[in-house]
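Descriptive analysis of the structure
The primary structure of each chain is shown beneath.
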Amino acid sequence: MGRLRFLTAGESHGQGLGVIVEGLPAGLELTADDIAVDLARRQRGYGRGARQTIERDRAEIVSGVRHGRTLGSPILLTIPNRDHEHWTRVMQVEPLGPSETAELAALVASGDKRATPVTRVRPGHADLAGALKYGFDDVRDVLERASARETTARVAAGAIARALLRACGIEVWSFTAEVGGVGIDPAHASRSREEADASPLRCPDPEAEARMIARIDEARSAGDTVGGVFEVVAHGLPVGLGSYVHWDRRLDGALAAAVMSINIVKGVELGLGFEQTRRFGSAVHDVIEGRDAGGRWIHRSNNAGGLTGGVTNGEPLVVRGAVKPISTLARPLPSADLLTGQPVEQAHYERSDISVVPAAGVIAEAMVALVLADAVLDKTGGDSLPEVLDNLARYRARIASAPDRRPDRPVPAGGEPEVGSGGDD
Ligand SMILES: Cc1cc2nc3c(=O)[nH]c(=O)nc-3n(C[C@H](O)[C@H](O)[C@H](O)COP(=O)(O)O)c2cc1C
């Protein structure tokens with residue numbers, strides 16, 4: 001990311017989370033209520049654990065906004081952890097004095113799980129690799145930051161990016177496409193976006209959703225967990241965000257990295273994704289119909305998911321993410337102890353979700369929105385929202401008509417010349 005940057009801070013049971021978002025133009029309307037909508041969406045979903053009944057996430061805008069509009073300066077958001085009140089001594093920032101050390105030791109002696117150092121590393125978590133890497137003897141030093149609680153701050157930052165995109169006529173949303181091997185049937189995806197968003201799994205197909213819920217219940221009663229797939233869709237993007245000219249300017253790469261960076265995502269597909277490998281090219285590539293009367297370029301299909309050559313092509317952007325089953329099982333897997341190096345029958349158990357596909361979709365919306373907002377600003381420049389919107393409108397108008405031809409180029413006789421002849425490698 002170049003124009004728009006963000007940096008999060010905070011531990012899962014620390015005092016709270018923080019995020020600085022830098023690079024936004026001045027003059028964008030923004031309130032804490034706008035951000036609260038997405039934070040609440042992240043907390044919902046059938047299969048979430050008890051933590052979500054404790055937290056009522058709300059970000060406070062500390063800087064960068066005055067009288068409801070951005071100033072162009074860095075925006076600092078803070079989000080308190082309500083659960084912190086149960087962890088004050090365990091997560092204390094200041095060094096422990098003798099009496100506090102004794103207090104913690106007494107808690108451990110009484111069997112208090114919060115105070116007891118975590119050494120039975122959990123499979124599927126950053127526990128072992130993180131503790132070895134940073135030299136910790138208590139896995140809590142790892143899991144507090146590796147926890148997906150951090151994604152709350154990303155969603156808050158994403159809500160700001162969404163506000164910018166909305167002003168530019170771009171909408172980003174997501175839905176649950178699969179849970180535990182049960183997929184939606186697009187022919188039965190009868191719910192509107194609002195209805196899907198309000199449903200238990202944020203799913204457009206009610207019949208599939210009922211079977212997904214049954215899979216989650218099945219996992220719950222077996223002390224197990226399930227994963228799934230979410231799909232993020234963005235409408236209203238202009239042609240030409242991102243670039244093919246260098247690897248790190250390709251929007252497909254930036255989107256894949258952003259979505260893959262979400263704790264629990266193990267695969268990213270754009271458009272048809274891996275399915276393309278099973279088809280002939282004629283059944284994959286999107287035929288270009290031409291420019292319509294309004295200047296819009298029409299493709300007959302959108303298998304590419306709105307991106308060709310790492311550049312948006314005017315079709316809706318489609319990004320899918322594979323969510324692995326939650327790692328912490330109510331019936332814990334065998335593991336090993338960090339200190340002794342010996343096997344243990346059961347890994348540490350920390351209160352846990354069973355399935356988080358709908359929430360992962362909301363987090364992916366945020367990551368996609370941040371990447372797209374950055375790409376828009378990269379294209380338009382501009383220090384104020386009116387300047388961004390003017391530049392974008394001028395660009396949209398320019399690409400809606402035929403490109404200017406260079407006078408030194410020969411005019412093709414019967415249409416455009418053939419492009420290349422021997423492949424492009
Ligand atoms: C919204 C959300 C909630 C999560 N909740 C849990 C949880 O309750 N228990 C758990 O074991 N993992 C949970 N995870 C996943 C872990 O954070 C993640 O698997 C772990 O940090 C290891 O990272 P990795 O899966 O990317 O390798 C959650 C992930 C997300 C996105």
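Just so you know, these numbers come straight off a predicted model, no measurement behind them. (Residues numbered from 1 in each chain as written. Predicted model: local features only at pLDDT ≥ 70, side-chain atom pairs only at ≥ 80, totals over all residues. Heavy atoms only, no water.)

The next thing to look at is the sheet that holds strand β1 (residues 5-10). Taken together, four strands build an open sheet; the order of strands is β1-β2-β6-β3 and the sheet is antiparallel. Since the sheet does not close on itself, it has two edges, and those belong to β1 and β3 (60-63), each with one partner. Strand-to-strand twist across the sheet, computed as the mean angle between neighbouring axes with direction ignored, equals 20°. (Pairing = 2+ DSSP bridges. Helix = DSSP H or I, 4+ residues; strand = E, 2+ residues; numbered from the N terminus. Axes fitted to C-alpha atoms, helices over the stretch in contact; angles between N-to-C directions.)

Another aspect to go through is the site of the ligand. The environment of the ligand is made up of 17 residues, and the closest members are H125, K324, T328, S352 and D353. Here an oxygen atom of the ligand sits 2.8 Å away from a polar atom, N or O, in the side chain of K324. Side-chain polar atom of S352 to a nitrogen atom of the ligand: 2.8 Å apart, as the coordinates give it. When isolated, the ligand has an accessible area of 630 Å², and the protein chains bury 86% of it. Its residues placed into classes, the shell around the ligand shows seven nonpolar, six polar and four charged. (Near = heavy atom within 4 Å. Polar contact = N/O pair within 3.5 Å; in protein donor to acceptor, adjacent residues only side chain to side chain. Areas by Shrake-Rupley, 256 points an atom, 1.4 Å probe, with all protein chains shown as cover. Nonpolar A, V, L, I, M, F, W, Y, C, P; charged D, E, K, R; others polar.)

For the rest of this paragraph, the subject is empty space enclosed by the protein. By the definition in use, this model includes two cavities of 30 Å³ or more. By volume, the largest cavity is sized at about 50 Å³. Together, R122, P123, S327, T328, L329, P332, L333, A347 and H348 line the largest cavity. Considered class by class, the residues forming the lining of the largest cavity number five nonpolar, three polar and one charged. What the second largest cavity holds in volume is close to 30 Å³. (1 Å grid on protein atoms, 1.4 Å probe; cavity = no way out; pocket = protein on both sides within 12 Å on 5 of 7 lines; lining within 4 Å. Points joined across faces, edges and corners; volume = space filled by probe spheres on them.)

The subject of this paragraph is the sheet that holds strand β8 (residues 182-183). The strand order β8-β7-β9-β15-β10 describes an open sheet built from five strands, whose pairing is antiparallel. At either margin of the open sheet sits one strand with a lone partner, and together these are β8 and β10 (265-270).

Relative to the assigned elements, R154 resides in helix α6 (residues 151-167). R154 has contacts with F6, T8, A258, S261, I262, N263, A366, M367 and L370, leaving out every residue within four places of it along the chain. (Contact = heavy atoms within 4.5 Å.)

With 16 residues, helix α8 (residues 206-221) extends 23 Å from end C-alpha to end C-alpha; this agrees with the ideal 22 Å at 1.5 Å per step. Tucked inside the fold, the buried residues of α8 contact β7 (171-179) and β8. A side-chain oxygen of the first residue of α8 lies 3.0 Å from the backbone nitrogen of E207; this N-cap is D205. Positive backbone phi, approximately 70°, marks G223, located one or two places after α8. (Expected span 1.5 Å × (residues − 1).)

Quick look at the pairing of β7 now. Each regular strand carries side chains that alternate between the two faces of the sheet. Burial of β7 is extensive: seven of the nine residues sit out of reach of the surface. Sheet topology note: the β7/strand β9 (residues 228-235) ladder contains eight bridges and is antiparallel. In the sheet register, V172 faces β9, and the bridge partner there is A234. Sheet topology places β7 next to β8; two bridges connect them, and they run antiparallel. Of the residues in β8, the one forming a bridge with E178 is G183. The hairpin formed by β7 and β8 contains two residues between the paired strands, and G180 there has a positive phi angle of roughly 55°. (Buried < 20%, exposed > 50% of the residue type's maximum accessible area, 1.4 Å probe, protein only.)

The description of an aromatic ring pair uses the distance of the two centres, along with the angle that the planes make with each other. All told, the structure shown has two aromatic pairs when counted by the stated rule. Measuring from ring centre to ring centre gives 5.9 Å for Y134 and F136, while their planes differ by 20°; the resulting arrangement is stacked. Pairing W173 with F175 gives two aromatic rings, centres 5.5 Å apart and planes at 45°, and the pair type is tilted. Considered together, W173 and F175 belong to a single accessibility category, that of buried residues. Positioned over the ring face of Y395 is K379, at 4.0 Å from the centre of the ring. (Phe/Tyr/Trp six-rings, centres within 6.5 Å; stacked < 30°, edge-to-face > 60°. Lys NZ or Arg CZ within 6 Å of the ring centre and 35° of its normal.)

This paragraph deals with the pairing of strand β11 (residues 288-291). Two strands pair when backbone bridges link them, and β11 and strand β12 (residues 297-299) are joined in this way by three bridges, in the antiparallel orientation. Across the sheet, G290 pairs through a bridge with I298, a residue of β12. Joining the antiparallel neighbours β11 and β12 is a turn of five residues, in which G295 adopts a positive phi near 90°.

So, on to the pattern of salt bridges. Considering all chains together, one arrives at 30 salt bridges under this definition. The residue R211 makes a salt bridge to E207 at a minimum N-O spacing of 3.2 Å. Of this pair, R211 and E207 both sit in helix α8, separated by four residues, roughly a single helical turn. A relative accessible area of 41% places R211 in the partly exposed class. Several salt bridges converge on common partners, so that one network encompasses D38, R41, R162, D197, R202 and E365. (Salt bridge = Lys/Arg side-chain N within 4 Å of Asp/Glu carboxyl O.)

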